[in-house]
Amino acid sequence: MFTSSNRAHDRALLDFLNLHPERGPDPVRGIDALEFGRGLAAGTLRRDWTWLAFVDDRPVARGVWWGPVGAVHPVELRCLAVDPSLPHPEVWGAALIRSAHRQFAEAGAILAPDFVVEFDGAQRDDPALQRALAWRGLAAEAAGLTVRTEDGSGDRVTFSTRPVRAGHVMAASVSR
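The text that follows walks through the structure, step by step, so that each part is easy to find. (Residues numbered from 1 in each chain as written. Predicted model: local features only at pLDDT ≥ 70, side-chain atom pairs only at ≥ 80, totals over all residues. Heavy atoms only, no water.)

Check the secondary structure of the chain and you find 5 helices and 7 strands. Starting at the N terminus and walking to the C terminus, you meet the elements of the chain as β-α-α-β-β-β-α-β-α-β-β-α. (Helix = DSSP H or I, 4+ residues; strand = E, 2+ residues; numbered from the N terminus.)

Take a look at the structure:
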């Protein structure tokens, strides 16, 4: 089952990545409990923009979309995580993205939100990071986000449905 979050899902949403602490942290930047709470309070993260996948009432994937304060619809997927014990995380990730994007479109969103993956660029050669980026890239592509853009800093990849003009990419990388 794929569903947007509600208050009853808060514990599952925040704890599900702790199911396998022996596997270590995800090498890409995620959204932790503190950031999630602050985002809810500020209005940049919302429960209806936060999605979970469940198998037998166990959360196995989550996506957290972000939008500027006052936005009607989210503009970026900022966190996509899949239970590391599942095979083919790209399949779970793509299904979660498609489910959420379909709901956003039904609610009136004109554009599919971009998928932003941030990581420590100094660790780019780390095999765990390469695997994490690879499955997220496959998930994005399968969900229709086929345009990949890397910023100038080397620690951010964006997947989109539309090409970004070079001047826009430069401005974005300078403003960071």
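Membership of the largest hydrophobic core comes to 31 residues, with the highest contact counts inside it found for Trp65, Leu80, Ile97 and Phe115. Elements supplying a minimum of two residues to this core: strand E2 (45–55), strand E3 (58–66), strand E4 (76–82), helix H3 (89–106), strand E5 (114–118), helix H4 (127–142) and strand E7 (156–160). Among the elements that make up this core, the one with the highest residue count is H4 (6 residues). Residues in contact with phenylalanine 115, not counting those within four places in the same chain, are Leu77, Leu80, Ile97, Arg136, Ala140, Leu145, Val157, Thr158 and Phe159. If you look at the next biggest cluster of nonpolar residues, it comprises 8 residues, including Leu13, Phe36, Leu45 and Phe54. (Core = buried A, V, L, I, M, F, W, Y, C linked by side-chain atoms within 4.5 Å. Buried < 20%, exposed > 50% of the residue type's maximum accessible area, 1.4 Å probe, protein only. Contact = heavy atoms within 4.5 Å.)

Another point: the pairing of E4. With 6 of 7 residues buried, E4 lies mostly within the body of the structure. Here 6 bridges tie E3 to E4, and the two strands are oriented antiparallel to one another. Directly across from alanine 61, in E4, lies its bridge partner valine 82. The pairing of E4 with E5 spans 2 bridges and is parallel. Residue leucine 77 lies in a different strand from E5, and its bridge partner there is phenylalanine 115. Regarding topology, H3 serves as the crossover connection from E4 to the parallel E5, and that connection is right-handed. (Pairing = 2+ DSSP bridges. Right-handed = clockwise from strand over helix to strand, strands pointing away.)

Looking now at the packing of H3 against H4. Where H3 contacts H4, the axes come no closer than 8 Å and their chain directions differ by 40 degrees. Here H3 lies oblique to H4, going by the angle between them. Seen along the crossing, H3 lies across H4 with a hand that is right-handed. Across from Pro89, Glu90, Gly93, Ala94, Ile97 and Arg98 in H3, the residues of H4 making contact are Trp135, Leu138, Ala139 and Ala142. Classifying every residue of the contact of H3 with H4 by side-chain character gives 7 nonpolar, 1 polar and 2 charged. (Axes fitted to C-alpha atoms, helices over the stretch in contact; angles between N-to-C directions. Parallel < 35°, antiparallel > 145°, perpendicular 65-115°, else oblique. Left-handed = near helix turned anticlockwise from the far one by under 90°. Nonpolar A, V, L, I, M, F, W, Y, C, P; charged D, E, K, R; others polar.)

Pairing of strand E6 (residues 147–150) with E7, which is carried by 4 bridges, proceeds in the antiparallel orientation. Within the sheet, the bridge partner assigned to valine 147 lies in E7 and is serine 160. What sits between the antiparallel neighbours E6 and E7 is a turn of 5 residues, in which glycine 154 has the positive phi angle 80 degrees.

Glancing now at the side chain of arginine 136. Along the chain, arginine 136 falls in helix H4. When its relative accessible area of 1% is taken as the criterion, arginine 136 is described as buried. In this structure arginine 136 touches Asp26, Val28, Leu80, Ala81, Phe115 and Val117, once residues within four positions along its chain are discounted.

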